[in-house]
Amino acid sequence: MWKIPIEIVNALKEDVDLYMKIGKLTDRQDAICSYIFGILSEPKGLKILNTILIKKRKIDEKLVHDFLTYSLKMKYKIDNGIWSWNEMYDYNIPFEEVKKPSTKYQLPNNF
């Protein structure tokens, strides 16, 4: 569902390793998602991730922009429970987690 480019995974490896150690997490994929969504939930989270990835880790700006745009859309959908019927089927989203079914607000498939 949420594909994280390998460049971004590698750039965040040290941060996620520390996050896993502090949080006593064992699943790396869950830790990466939790780490990214946790930062994006902070008031200046977008700026923080942008700075980490572009300025400190030298990741391509377009790749970071596309990734962060997709991540914000995913976070919005999760926070608000807005899923299309197709997404509910494709991603096995339980109907109980859907607050507002949608036919228009879908994540792009090209990321």
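Residues numbered from 1 in each chain as written. Predicted model: local features only at pLDDT ≥ 70, side-chain atom pairs only at ≥ 80, totals over all residues. Heavy atoms only, no water.

Remarks on the overall build of the protein chain
Of regular secondary structure, the protein chain possesses six helices and two strands. Expressed as lengths along the three principal axes of its C-alpha atoms, the size of the protein chain is roughly 40 × 35 × 25 Å. Evaluated residue by residue, the protein chain yields a buried proportion of 35% over its 111 residues. Here the contacts in the protein chain between residues at least 6 apart in sequence split such that 47% fall between residues at least 24 apart. Surface accessibility of the protein chain: about 7600 Å² in total, with carbon and sulfur atoms responsible for 54%. (Helix = DSSP H or I, 4+ residues; strand = E, 2+ residues; numbered from the N terminus. Buried < 20%, exposed > 50% of the residue type's maximum accessible area, 1.4 Å probe, protein only. Contact = heavy atoms within 4.5 Å. Areas by Shrake-Rupley, 256 points an atom, 1.4 Å probe, with all protein chains shown as cover.)

Side note on unusual backbone geometry
Most peptide bonds adopt trans geometry, and most residues besides glycine take a negative phi value. Unlike most non-glycine residues, Lys24 shows phi in positive territory, near 55°. The residue Lys58 is not glycine, and still its phi comes out positive at about 60°. Structurally, Lys58 is set in the loop between helix H4 (45–56) and helix H5 (61–80).

Some details on the packing of helix H2 (residues 13–23) against helix H3 (residues 28–40)
Between H2 and H3, the least distance of the axes is 10 Å, while the angle of their chain directions is 105°. What the angle tells us is that H2 and H3 run roughly perpendicular. Of H3, the residues touching H2 (which contributes Lys13, Asp15, Val16, Asp17, Tyr19 and Met20) are Arg28, Ala31, Ile32, Ser34 and Tyr35. Split by residue class, the contact of H2 with H3 holds six nonpolar, one polar and four charged. (Axes fitted to C-alpha atoms, helices over the stretch in contact; angles between N-to-C directions. Parallel < 35°, antiparallel > 145°, perpendicular 65-115°, else oblique. Nonpolar A, V, L, I, M, F, W, Y, C, P; charged D, E, K, R; others polar.)

Quick look at the packing of aromatic side chains
One pass over the structure, following the stated rule, counts two aromatic pairs. Measuring from centroid to centroid gives 5.7 Å for Tyr19 and Tyr35, while their planes differ by 65°, and the two rings are edge-to-face. Of this pair, Tyr19 sits in helix H2 while Tyr35 sits in helix H3, and the two are 16 residues apart along the sequence. On the basis of relative accessible area, Tyr19 is assigned to the partly exposed category, the value being 29%. When the ring of Trp85 is compared with that of Phe95, the centres are 6.1 Å apart and the planes differ by 15°; the resulting orientation is stacked. (Phe/Tyr/Trp six-rings, centres within 6.5 Å; stacked < 30°, edge-to-face > 60°.)

Observations concerning the nonpolar core
Formed by 26 residues in total, the largest nonpolar core has its most connected members in Leu12, Val16, Tyr35, Ile36, Leu49 and Leu53. Contributing elements (two or more residues each) for this core: helix H1 (6–11), H2, H3, H4 and H5. Per element, the largest residue contribution to this core is seven residues, and it comes from H3. (Core = buried A, V, L, I, M, F, W, Y, C linked by side-chain atoms within 4.5 Å.)

Shape descriptors only; they carry no functional weight alone.
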